[in-house]
Amino acid sequence: MSATRIHLVRHGEVHNPRRVLYGRLPGYHLSRAGRKMAQAAADHVAGLDRPVSALYSSPLERAQESAEPFSERFDLVPEIDVRVIEPTNVFEGTQMRRSLMNPLNWWHLRQPATPSWGEPYASVAERMRGIMDEAWDAVDGGDVVMVSHQAPIWITHLRVAGLPLRHDPRTRRCALSSVTSFERVGDVWREVAYATPAPTDGAVDVGAV
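The paragraphs below set out a description of the structure included in this document. Owing to the predicted nature of the structure, the values given are computational and were not obtained by experimental measurement. (Residues numbered from 1 in each chain as written. Predicted model: local features only at pLDDT ≥ 70, side-chain atom pairs only at ≥ 80, totals over all residues. Heavy atoms only, no water.)

Once that is clear, we can look at the sheet that holds strand β2 (residues 52-57). Spatially, 6 strands are ordered β3-β2-β4-β1-β5-β6 in an open sheet, and the strand pairing comes out mixed. Of all the strands in the sheet, just β3 (79-80) and β6 (188-195) have a single pairing partner and so form its edges. Bridging between strand β1 (residues 5-10) and strand β4 (residues 143-148) involves 6 bridges; their strand directions are parallel. By the bridge assignment, Ile6 is partnered in β4 with Val144. Against the sheet, helix α1 (residues 32-47) contacts β1, β2, β4, β5 (179-185) and β6, and its axis sits at roughly 40 degrees relative to β5. Helix α4 (residues 121-138) contacts β1, β2, β4, β5 and β6 of the sheet and is inclined by roughly 65 degrees relative to β5. (Pairing = 2+ DSSP bridges. Helix = DSSP H or I, 4+ residues; strand = E, 2+ residues; numbered from the N terminus. Contact = heavy atoms within 4.5 Å. Axes fitted to C-alpha atoms, helices over the stretch in contact; angles between N-to-C directions.)

A separate point is the pattern of salt bridges. Counted according to the given criterion, the structure contains 18 salt bridges. For Glu119, the salt bridge is made with Arg127, and the minimal N-O distance between the two is 2.8 Å. As far as the burial class goes, Glu119 and Arg127 line up, both buried. It is possible to trace a salt-bridge network through shared partners that takes in Arg129, Asp133, Asp137 and Arg184. (Salt bridge = Lys/Arg side-chain N within 4 Å of Asp/Glu carboxyl O. Buried < 20%, exposed > 50% of the residue type's maximum accessible area, 1.4 Å probe, protein only.)

Given below as structure tokens:
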């Protein structure tokens, strides 16, 4: 047997008063609201009334903290896997608006299709496909939850939908603590659901790559 569904869950709101693009930087934890968002995501998955057999998390603090409600609800120990981590980004640690005002940084924007400012989209898509295939085959039935980040989840959506990976990061449909669900038939993945169980009005969401 194999898994029946994989849920890619984005982490909740991060405490980020300086509005920094935090990327893979350590020390960025969930805000109080972010913890409530993570709980809402876990409640949503539990409300689907489907058994959950495995839990994975990015190694970054905000993802591990967002995985805690799933761990408690389904009595699972999260497997930390670097393949679901945030992509690298040369603007990490900066305030993006200020960085874009500096002509010295425009060189990093020369190839948006790759993109030239960080890990290639194709690389992100391949590592996400790898962990999803591996997790799908590793369990004996039930769903799998993977707590990840906006870019890997959205790029997985694009790859599964057969769409170009090039995109404007500002247009991603991947809200804080959203749940994007996939199933595999043979070797073919398909997206089956997208949910936003947590209210995000007024949330700070400027740290994604």
